[in-house]
Amino acid sequence: MRYHFSRIQLLPLATLLALLVISLSATWLLASRPWRIDAVIGGADSAIVGTGFFTKELSSNGTPFRWTSGPAIINLPPVHARYLVTIRAYIPSDVIPYYVEIKDRAFPVATIVVTDQLPDFRRYHILWQSPATYHWLDLFTPRRFTIDAETRNRNQDDPRLLGIAVSHVSIRSSNTLTAPITPLITIGVTLLGFARLLWPLRGKRLVWFAVVALLLPVGYDLLVWHPLQGNDYTWLPCSWLPGMVAALTIGAFLAQSAARTHSGAFIAGMIVILLAFAVIATLQWHWYVEGPDYYWHLYHGGSWQRVFRAHPFYPFGFPLILWLGQLAGDQALLFGRIASAIATFMTIGATTLMVWRAIHRSYAWVASAVMLAAPVVVSHGVFASTDAPMVSFAALALLALLWHEPLPWRQVILAGMALGLAYLFRVQTTMLLIPSLVWLYFQPMPQLPLRLAWLSRLGRLIGPLALLGGFLLVSAPQWLLDIRDTGLPFSTRQYVNIWSFAFERTDSVPEGSTFEQMWFILNFDPYGLWRHWLGNIRQFGEHTIHQLFIWPLGLVAFGGMIVKGPLSNRRYLLLLGWVMFYGLVVMLTTNKERFFLPMMPALALFITSFLAEMDHRLRRFGNPFAFGSLLISAILFYWVVINLTVAEIELATGGFTRHW
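Residues numbered from 1 in each chain as written. Predicted model: local features only at pLDDT ≥ 70, side-chain atom pairs only at ≥ 80, totals over all residues. Heavy atoms only, no water.

A. Looking closely at the overall build of the protein chain. Counting its regular elements, the protein chain contains 23 helices and 14 strands. Looking at the protein chain as a whole, 52% of its 660 residues are labelled buried. Residue pairs in contact within the protein chain that sit at least 24 positions apart in sequence constitute 73% of those at least 6 positions apart. With an accessible surface of roughly 30300 Å², the protein chain has 65% of that area assigned to carbon and sulfur atoms. (Helix = DSSP H or I, 4+ residues; strand = E, 2+ residues; numbered from the N terminus. Buried < 20%, exposed > 50% of the residue type's maximum accessible area, 1.4 Å probe, protein only. Contact = heavy atoms within 4.5 Å. Areas by Shrake-Rupley, 256 points an atom, 1.4 Å probe, with all protein chains shown as cover.)

Below, the structure is given as structure tokens:
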């Protein structure tokens, strides 16, 4: 009986492995075949031509062509690592030498140098090997063959700024002996996710899986790897299709597993957290960046004396890390980037746990995915920046305040200590401390042990005092340094950002203490400050929120702030207080994305809460609508995956790739 039971359990697994081997073998054979596409630019070319081309034209001898206008893009499928690209182009030039840059997105690949006047179209051959700048985040995006030629006015009768004239493009794969890595990954991931959705593979489920496993390589070969060609048209390969199907399948699997069991929710959350680890580790290796105000921190971390003193803009936390890096052998940047990466993992993990406790475990993986959909969070896991450690400790404080209802007194103290650690990296932590103190005042009194029962006389003040005590205990080193060097327990000049951004002043603020200068700035032009503040609030709703998260998650965040959803009233008010108070104070200065980093965990909870509320309402209508809920989760994961490289836009402003 035991042997029979084991045989029944092993049969679906053996069937799965056999079908995987067959499908992946077919994928290898089909995707490894030579691939070629020919397109007449100016003819039936709209299938592969992207942006940067003018309309079709004919030369005097009847040759069809298009002029380029700035960077001109031709899309190539991400099937092979190397291509041989031949373009037939006319490069008129009044200035010799004339340079034409060939790029893949922003990454330079080759340069065409024209040293002679060329009267007609000529052929140029380019070995298109995927640059070393590529990483696995680019697996599911098409290669963008970009012709970047200098534009100028070629004809007095034509006001257009023209680059070069392109008449023909021929593309063929050049490495048919290497393994087709991208197709193998997409097919394998898709089938594993589909198998998990259908598990156990018996009866009709097994038939469905076998059909998909056998037909998927053939379908992708016809649509993506070797699309049909005719004499008068070119069909663009559906390069987006394999990645989309794979991501949708994995997203559906995560949602289904998380909804079924406690262990399934844990596994789904861990998968997305591991994905976050892989993303940040990849970008850490790929991008050599420093970070905002890095050299200020490096200078103030140059010695023991520079670290431990009153600093006008930042506390000593991050300079201390850079100083330790210098002691380790001039490794300040490495220490700073590692600290930011660890801090970002802590932030994502804390946000995931918040959803696990405050909403429901089945949506914990959604919170991790939402944090990955925040380019500012991902990029600050790569920068050497004081912002990431500050946000991580603030997230831990928020986690402590959300963990239990009602709150134990030890938990309140832990939250205060976490905020104290955050203060050692940025004084803006006080803007999170204030709404927390107000919120705690209106909460039920924390339960006290018998030896501390006498504190119950303080009534509602117990919670705020416990939080403030933990905060002051940990942040005391910075307060003591400020008192030693300035005579005041609070010394900062961050408020000059209001002077610079609200009033556009470049002169110095009149001399005085921290509070005197702050009061002078706030009273300098109240009406002007009011207009500036309202403008920033409007800009935040129209633009900034959509930079913090990929569209349309910013709109979903507003929905979560309006619709309470599954959050309890107390937790909802705490999150709302953090976002509203901190955000409104920051908007007195300027709407830099990194200034809003401490709000990101709370905004992620609002997004997850709104999605959870949608899920609950759909499931009330029965199974057909429950499938719609699963589809929304799958689309969310797909949308996050294809936008993982958006963080590189911000990274490009702070450094360069290692392999340019």
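On we go from here.
B. Representation of the packing of helix α2 (residues 181-198) against helix α4 (residues 241-260). Running from N to C, α2 and α4 point in directions that differ by 30°, and their axes come no closer than 8 Å. By the angle class used here, α2 and α4 are roughly parallel. For the pair α2 and α4, the crossing hand works out as left-handed. Where α2 approaches α4, its residues Thr-186, Val-189, Thr-190, Gly-193, Phe-194, Arg-196 and Leu-197 are matched on the opposing element by Pro-242, Gly-243, Val-245, Ala-246, Thr-249, Ile-250, Ala-252, Phe-253, Gln-256, Ser-257 and Arg-260. Residue classes in the contact of α2 with α4 are distributed as 9 nonpolar, 7 polar and 2 charged. (Axes fitted to C-alpha atoms, helices over the stretch in contact; angles between N-to-C directions. Parallel < 35°, antiparallel > 145°, perpendicular 65-115°, else oblique. Left-handed = near helix turned anticlockwise from the far one by under 90°. Nonpolar A, V, L, I, M, F, W, Y, C, P; charged D, E, K, R; others polar.)

C. Representation of the packing of aromatic side chains in the model. Applying the stated criterion across every chain, the model contains 19 aromatic pairs. Between Tyr-294 and Tyr-295, the ring centres sit 5.3 Å apart and the planes meet at 75°, which makes this aromatic pair edge-to-face. Owing to a relative accessible area of 5%, Tyr-294 belongs among the buried residues under this scheme. For Tyr-295, a relative accessible area of 52% gives the class exposed. A ring pair is formed by Tyr-572 and Phe-606, whose centres lie 6.0 Å apart and whose planes are at 80°; its orientation type is edge-to-face. With Tyr-572 in helix α20 (residues 569-586) and Phe-606 in helix α21 (residues 600-619), this residue pair connects regions lying 34 residues apart in the sequence. (Phe/Tyr/Trp six-rings, centres within 6.5 Å; stacked < 30°, edge-to-face > 60°.)

D. Fine view of a nonpolar patch on the surface. Residues Leu-324, Leu-327, Leu-334, Phe-335, Ile-338, Ile-342, Met-346 and Leu-396 make up a contiguous nonpolar surface patch of roughly 650 Å² in combined accessible area. Secondary-structure elements contributing two or more residues to the nonpolar patch are α8 (317-327) and α9 (332-358). Examining the composition of the nonpolar patch, we find that 5 residues originate from one element, α9, more than from any other. As for its position among the elements, Leu-327 is in helix α8. Accessibility expressed as a relative area gives 57% for Leu-327, which makes it exposed. (Patch = residues over 30% accessible without salt bridge, like charges linked within 9 Å, V, L, I, M, F, W, Y side chains within 5 Å. Salt bridge = Lys/Arg side-chain N within 4 Å of Asp/Glu carboxyl O.)

Treat this as a map of the structure, not an account of what it does.
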